[in-house]
Amino acid sequence: MSSEPTTIRWEQDDTGVVTLVLDDPRQSANTMNAAFGASLKAVADRLEAERETVRGVIVTSAKKTFFAGGDLRDLSSVGPDQARQVFESGLAVKRDLRRIETLGKPVVAALGGTALGGGLEIALACHRRIALDNPKARFGFPEVTLGLLPGGGGVVRSVRLLGITDALLKVLLEGKQYNPGRALEAGIVDEVADTEEEMLARARAFIDATAQSRQPWDTEGYRIPGGTPASPKFAANLPAFPANLRKQTGGAPYPAPRNILAAAVEGAQVDFETAQVIEARYFTELVTGQTAKNMIQAFFFDLQAVNSGANRPAGVEPRRVRKVAVLGAGMMGAGIAYSCARAGIEVVLKDVSQEAAERGKAYSAKLLEKAVARGRTTEAKRAELLARITPAADPAAVAGCDAVIEAVFEDTALKHKVFQEIQHIVEPDALLCSNTSTLPITLLAEGVERSRDFIGLHFFSPVDKMPLVEIIKGGQSGDEALARAFDLVRQINKTPIVVNDSRGFFTSRVIGRFINEGVAMVAEGVEPASVEQAAGQAGYPAKVLSLMDELTLTLPRRIREESRRAVEEAGGTWQPHPADEVIDRMVDEFGRPGRSGGAGFYDYEDGRRAGLWPGLREHFTKPDAEIPLADMKERMLFVEAIDTVRCLEEGVLTSVADANIGSILGIGFPGWTGGVLQYINGYDGGLPGFVARARQLRAAYGERFEPPALLLEKARKGEIFTDGPRD
Ligand code: NAI
C-alpha cells in the first residue's frame with residue numbers, strides 16, 4: 001500500500017457526473033509527483049470499476065493554477081542510472097491518462113487557471129477543454145525552455161490534435177505560453193467561459209449532450225491533420241525542419257528541440273501506443289542528461305532566487321516608485337523611459353533641449369505603434385502609456401520625482417553636473433541611480449550630497465527587450481538604496497542582479513573576456529568566419545566579432561587604457577592581451593571602429609551587416625593557423641567562466657545565482673550551460689574535469705586560462721558552485 005496522500009478528490013453527484021478535483025494537500029500547487037501518479041491510478045481503477053454509474057467526468061482544480069507540471073526538484077536530480085525508473089513511471093502516468101481517455105464517457109477539463117506542461121497534458125487527454133477567461137492563466141508546453149519535452153503524452157496528442165507542423169511551431173518547439181483567448185485561437189482549448197459557474201455549466205452541458213466520447217484520434221478513419229511523414233506532400237517539407245532547427249539553435253548543443261522533432265515525426269508514423277513509448281524514450285534521454293539539469297537550475301531555481309530578493313536587504317520596507325526622472329533621452333534614456341512608463345510609472349524625460357527630449361519620447365511612440373499594429377496592445381493603452389512620459393529641458397520639471405535614473409554621456413564631470421542640477425528639486429529622499437556602463441559608482445557618488453542614496457542601475461540595450469538590470473553597490477551605497485533599487489527593477493518587471501563596484505562591474509568585465517578571446521583567435525591567424533562559427537556552435541546568441549562591432553572597437557581601447565593606468569598607478573605590471581594589436585590596427589590603420597562608424601570586422605550597407613570585411617583575411621589570416629573547433633568554442637566559454645570565479649573571489653559577485661542569471665540574460669552566455677558557473681558544475685568530470693581542461697588550454701593558449709584559487713579549492717573539496725539552501 002502506498003503511504004502517499006491522495007491528490008485527486010473524487011466528487012460524484014446524483015446525476016452520475018464525477019468531478020475529479022486536483023488538490024495536492026501538501027503543496028500550494030499540483031505537480032506531477034509520485035502521489036499524483038498513485039492517485040491517478042486509483043482514479044482510473046475506480047472509474048473502470050464504477051463505469052456503469054458514471055455518466056461523465058469533469059477534471060478541475062482546487063488551486064489557483066490548474067496544474068503546475070512536473071516537479072522540477074525531482075526532475076533535476078535524476079541521474080542516468082535512474083533512466084529505467086523514469087521511463088517506467090512516465091509510461092504508467094500515460095497509461096492511466098489513456099485509460100480515462102478511452103473509458104467511453106465524456107471527460108471535460110475545466111481550466112480555471114494556468115495549465116502548463118503536465119497540466120496541459122492532462123487537459124489534452126480530455127475530450128473537451130473549457131478555459132476560464134482568467135487574464136493570469138497561461139497554456140502551453142514550456143518544457144523546451146528547460147531542456148525537456150512534454151513526456152506525459154503532450155507530443156503525441158498535440159501532433160494528433162493540431163498536425164505535426166502546427167504542433168511543432170505553435171506549442172512544442174518554442175515553449176510559447178498562451179492566454180485563454182490565444183489558446184483558443186491556437187486550438188489547444190475549445191471554449192472560453194467568462195465565469196467559473198459558466199465554465200462548469202458548459203462542462204456539464206457537454207456531458208449532457210454526449211453520451212459516449214472518443215478522441216478524434218480514436219475514431220475510425222482518423223488522419224493526422226496536414227498529413228504524416230508518409231504522405232508525399234508532407235514528406236516534401238520534412239527536410240526543412242532540421243534546417244530550421246539548426247537556425248533556431250545555431251548548431252549549439254540543445255538536445256530538446258532535436259528530440260521533440262524526432263518524437264513528433266516518428267510518433268506520427270505509428271499507432272498511439274507506440275508513439276507514447278517513443279515519446280517516453282526521448283523524454284528519458286533528456287531528463288537524465290546534463291543540459292536539462294543546467295537549464296532547470298538557471299531558468300527555474302536561480303531565476304526564482306534572483307527575482308524573489310535573495311539579495312535584497314531584509315528589513316527595508318518595500319516601496320513603489322511613483323514618478324521617475326530619466327536624465328538623458330538618448331538611446332538608453334529613451335528605452336528606460338519606455339520601460340518605466342509601461343509599468344505605470346510617471347516619467348519626466350529630461351535632455352539638454354526640448355527637441356532632444358521629444359525625440360526620446362518619440363522612441364516610445366514608435367514601439368507602441370508597432371505593438372498596436374501587431375495587436376499586442378490597444379489604442380487606449382498606447383495613449384495612456386505615452387501620456388505618462390513628459391519630455392522636458394527645464395530642470396524644474398523633475399519636481400516631485402521619487403527616483404532618478406541618469407543616462408547622459410559617459411563622462412564623470414557631466415554626470416556630476418546633471419545630478420547637482422536636480423538634487424534639490426526632486427523629492428528630498430529620492431533614490432539616485434546612474435546607468436553608467438563603465439564608471440565606478442563610488443566615484444560618481446562623490447558628485448551628490450546624499451551619497452548613501454546613490455547606486456548603479458546598469459540597463460542593457462535595447463532596454464525594452466533586455467530583461468536584466470545589474471545593480472551596482474558603490475562603497476557608500478546604503479542598504480535602503482539597494483532595497484529600493486531592487487524594488488524599482490522588479491516594479492518594471494525586470495530581473496535584478498546585485499554586484500559590488502569594480503572596473504566593468506560583472507557583466508561588462510566578463511563579456512570583455514569573451515570578445516577579447518574571439519579577437520585573439522583572429523590575431524593568431526584563424527579565419528574570421530571560423531571564429532564566428534565557433535561562437536555560434538558554442539551557443540552564443542551573438543557571434544563574437546559582430547558583437548565587438550556593435551559595442552565599437554574604441555570602447556575596449558578606452559577601458560584598456562584606463563585599466564592600464566590603474567594597474568600601473570598601483571605599482572603593478574600591465575599584461576597586454578593578444579587581442580590588443582588587432583583592435584589597434586583595425587581602428588588606427590584601417591579606420592574601422594565598428595558598426596556605428598560604418599565599418600568594423602564587418603562591412604555595412606545602409607547600416608546593415610553585409611558580410612565579414614575581406615581585408616581581415618588579407619591582413620590577419622595565416623594559412624597554417626589551425627585550432628581545433630572544440631578548443632575555439634571552449635576558449636570563449638572558459639575565459640568567461642574563469643573570470644567569473646575571480647569576480648566571486650574578489651567579492652564583485654556575492655551569489656552563484658546572480659552569476660548564472662546575469663551571464664545568460666545580460667551578456668549572452670549560452671543558455672544550455674545553465675549559466676557561467678553552472679557550466680563549470682556541469683562540465684564533464686565536474687570541477688576537477690574543468691580544472692584539468694583549463695590547464696590544457698593554459699598550456700596551449702596562455703596564462704589567462706589558469707584556474708583561480710577558489711576553483712582549485714572547491715575542486716579539491718569535491719564541492720560545486722552553489723548558494724546552498726537559503727532560509
Ligand atoms: P546617447 O549618446 O544615446 O545619449 C546620451 C543623451 O544624454 C543625449 O541625448 C544627450 O543629449 C543627453 N545629455 C547630454 N548632456 C545632458 C545634460 N546635461 N542633461 C540631460 N541630458 C544630457 O548615449 P547612450 O548610449 O544612451 O548612453 C547613456 C549612458 O548609458 C552612458 O553612461 C552609457 O555608458 C550608458 N550605457 C550605455 C549602453 C549602451 O549599450 N549604449 C548600455 C548600458 C549603459
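Residues numbered from 1 in each chain as written. Predicted model: local features only at pLDDT ≥ 70, side-chain atom pairs only at ≥ 80, totals over all residues. Heavy atoms only, no water.

Enquirer: In this structure, what is going on with the site of the ligand? I would like to understand it.
Expert: By nearness alone, 21 residues border the ligand, and Met 332, Asp 351, Glu 410, Lys 415 and Ser 437 come closest of all. Interatomic distance of 3.0 Å between a backbone N/O atom of Met 331 and an oxygen atom of the ligand. Here an oxygen atom of the ligand sits 2.5 Å away from a polar atom, N or O, in the side chain of Glu 410. In the complex, 79% of the free accessible area of the ligand, which totals 830 Å², lies under the protein chains. (Near = heavy atom within 4 Å. Polar contact = N/O pair within 3.5 Å; in protein donor to acceptor, adjacent residues only side chain to side chain. Areas by Shrake-Rupley, 256 points an atom, 1.4 Å probe, with all protein chains shown as cover.)

Enquirer: What's the story with the packing of helix α5 (residues 154–162) against helix α11 (residues 255–268) in this structure? I'm lost.
Expert: The description of two helices packed together rests on the angle between their axes and the distance between the axes. Contact pair α5 / α11: the axes reach a minimum separation of 9 Å and the direction vectors enclose 60°. With respect to their mutual orientation, α5 and α11 come out oblique. Like other packed secondary-structure pairs, α5 and α11 cross with a definite hand, here right-handed. On α11, the residues touching Val 155, Val 159 and Arg 160 of α5 are Ile 260, Ala 263, Ala 264, Gly 267 and Ala 268. Considering only residue class, the contact of α5 with α11 consists of six nonpolar, one polar and one charged. (Axes fitted to C-alpha atoms, helices over the stretch in contact; angles between N-to-C directions. Helix = DSSP H or I, 4+ residues; strand = E, 2+ residues; numbered from the N terminus. Parallel < 35°, antiparallel > 145°, perpendicular 65-115°, else oblique. Left-handed = near helix turned anticlockwise from the far one by under 90°. Contact = heavy atoms within 4.5 Å. Nonpolar A, V, L, I, M, F, W, Y, C, P; charged D, E, K, R; others polar.)

Enquirer: Teacher, can you tell me more about the state of the cysteines here?
Expert: Covalent bonding between the sulfur atoms of two cysteines defines a disulfide. Enumeration over the complete set of coordinates arrives at zero disulfides. Here Cys 340 is not cross-linked by a disulfide; its sulfur's nearest cysteine counterpart is in Cys 433, at 9.5 Å. (Disulfide = S-S within 2.5 Å.)

Enquirer: Is there a simple way to explain the sheet that holds strand β5 (residues 115–116) in this structure?
Expert: In sheet architecture, strand pairing relies on hydrogen bonds along the backbone and comes in two forms, parallel and antiparallel. The three strands are arranged β5-β7-β8 in an open sheet whose pairing can be described as mixed. Both outer strands of the open sheet, β5 and β8 (177–178), are each paired with one neighbouring strand and no more. Where β5 meets strand β7 (residues 139–140), two bridges bridge the pair, whose relative direction is parallel. Bridge pairing in β7 links Ala 115 to Phe 139. (Pairing = 2+ DSSP bridges.)

Enquirer: Sorry, what's going on with the UniProt feature "domain: 3-hydroxyacyl-CoA dehydrogenase C-terminal" (unreviewed entry) in the protein chain here?
Expert: Cross-referencing UniProt, the feature "domain: 3-hydroxyacyl-CoA dehydrogenase C-terminal" (unreviewed entry) maps to residues 504–604 in the present numbering. Taken end to end, residues 504–604 is 62% helix and 3% strand, and its two terminal C-alpha atoms sit 29 Å from one another. (UniProt positions renumbered as here; feature names shortened; annotations may be inferred.)

Enquirer: What is the right way to look at the side chain of Asn 33 in this model?
Expert: Tracing the chain through its elements places Asn 33 in the loop between β2 (17–22) and α1 (34–49). What makes Asn 33 buried here is its relative accessible area of 10%. The contacts of Asn 33, once residues within four sequence positions are left out, are Asp 24, Arg 26, Gln 27 and Asp 74. (Buried < 20%, exposed > 50% of the residue type's maximum accessible area, 1.4 Å probe, protein only.)

Enquirer: Explain the pairing of β2 here, please?
Expert: In the case of a regular strand, side chains alternate between the two sheet surfaces. The element β2 is extensively covered by neighbouring structure, given that six of its six residues are classed as buried. Alternating positions in β2 separate into two faces, Val 17, Thr 19 and Val 21 on one and Val 18, Leu 20 and Leu 22 on the other, with burial throughout. With five bridges joining them, strand β1 (residues 8–12) and β2 adopt antiparallel strand pairing. Counted as the bridge partner of Trp 10 is Leu 20 from β2.

Enquirer: Please clarify how the environment of Ala 264 should be interpreted in this entry.
Expert: Topologically, Ala 264 is positioned in helix α11. When its relative accessible area of 1% is taken as the criterion, Ala 264 is described as buried. For the pair Ala 264 and Glu 279, spaced 15 residues apart in sequence, the C-alpha separation works out to 7.9 Å. Aside from chain neighbours lying at most four places away, what touches Ala 264 is Val 155, Val 159, Ile 164 and Leu 168.

Enquirer: Could you clarify how one ought to interpret the sheet that holds strand β9 (residues 191–193) in this entry?
Expert: An order of β1-β2-β3-β4-β6-β9 is seen for the six strands of this open sheet, with the pairing classed as mixed. What marks the edges here is a single partner per strand, and that holds for β1 and β9. On average, adjacent strands in this sheet sit at an angle of 25° to one another, irrespective of strand direction. Sitting on the sheet, α1 touches β1, β2 and β3 (56–61), and the angle it makes with β1 is about 25°. Helix-sheet contacts for helix α8 (residues 196–209) involve β2, β3, β4 (107–111), β6 (128–132) and β9, and the interaxial angle to β6 is about 165°.

Enquirer: Please clarify how the UniProt feature "domain: 3-hydroxyacyl-CoA dehydrogenase NAD binding" (unreviewed entry) in the protein chain should be interpreted in this entry.
Expert: Feature annotation in UniProt places "domain: 3-hydroxyacyl-CoA dehydrogenase NAD binding" (unreviewed entry) on residues 323–501, given in this structure's numbering. Measuring from the first to the last C-alpha atom of residues 323–501 gives 27 Å, for a span that is 39% helix and 22% strand.

Enquirer: What is the right way to read helix α27 (residues 656–667) from this model?
Expert: Count 3.6 residues to each turn of an α-helix, and residues three or four apart come out pointing the same way. With twelve residues, α27 extends 16 Å between its outermost C-alpha atoms, agreeing within 8% with the 16 Å of an ideal straight helix rising 1.5 Å per residue. With twelve of its twelve residues buried, α27 lies for the most part within the structure. Within α27, burial applies to Val 656, Ala 657, Asp 658, Ala 659, Asn 660, Ile 661, Gly 662, Ser 663, Ile 664, Leu 665, Gly 666 and Ile 667. Against α13 (290–307), β16 (468–473), β17 (495–500), α20 (507–523), α26 (629–649) and α28 (676–682) lie the buried residues of α27. Measuring from the backbone nitrogen of Ala 657 back to the side-chain oxygen at the start of α27 gives 3.5 Å, which picks out Ser 655 as the cap. The positive-phi residue at the C-terminal boundary of α27 is Gly 668, with phi of around 70°. (Expected span 1.5 Å × (residues − 1).)

Enquirer: How should I be thinking about the environment of Pro 255 in this particular structure?
Expert: Mapped onto the elements of the fold, Pro 255 is located in helix α11. Residue Pro 255 is classed as buried on the basis of its relative accessible area of 18%. In this structure the C-alpha to C-alpha distance between Pro 255 and Gly 289, which are 34 residues apart in sequence, comes to 9.2 Å. Each residue touching Pro 255, except ones within four places of it in the same chain, is listed here: Leu 286 and Thr 291.

Enquirer: Looking at this model, I keep getting lost on the packing of aromatic side chains. Mind explaining?
Expert: What describes a pair of aromatic rings is the distance from one ring centre to the other and the angle between the planes of the rings. All told, the structure shown has 16 aromatic pairs when counted by the stated rule. A ring pair is formed by Phe 638 and Phe 690, whose centres lie 4.0 Å apart and whose planes are at 5°; its orientation type is stacked. In this pair, Phe 638 sits in helix α26 while Phe 690 sits in helix α29 (residues 686–701), placing the two residues 52 residues apart along the sequence. Take Phe 638 and Phe 690: they sit in the same class, and that class is buried. Centre to centre, the rings of Trp 672 and Tyr 679 are 6.1 Å apart; their planes meet at 90°, and the pair counts as edge-to-face. (Phe/Tyr/Trp six-rings, centres within 6.5 Å; stacked < 30°, edge-to-face > 60°.)

Enquirer: Help me understand the pattern of salt bridges, please; the structure alone is not making it clear to me.
Expert: It is possible for side chains bearing opposite charge to pair when their charged atoms get close. The tally for this structure, following the rule as stated, stands at 58 salt bridges. A salt bridge links Arg 595 to Glu 550; the nearest nitrogen and oxygen atoms lie 2.6 Å apart. Remark: Glu 550 occurs in helix α22 (residues 544–551) and Arg 595 occurs in the loop between α24 (579–589) and β18 (602–605); sequence separation between them is 45 residues. Linked by salt bridges that have partners in common, Lys 41, Asp 45, Glu 48, Asp 96 and Arg 99 make up one network. (Salt bridge = Lys/Arg side-chain N within 4 Å of Asp/Glu carboxyl O.)

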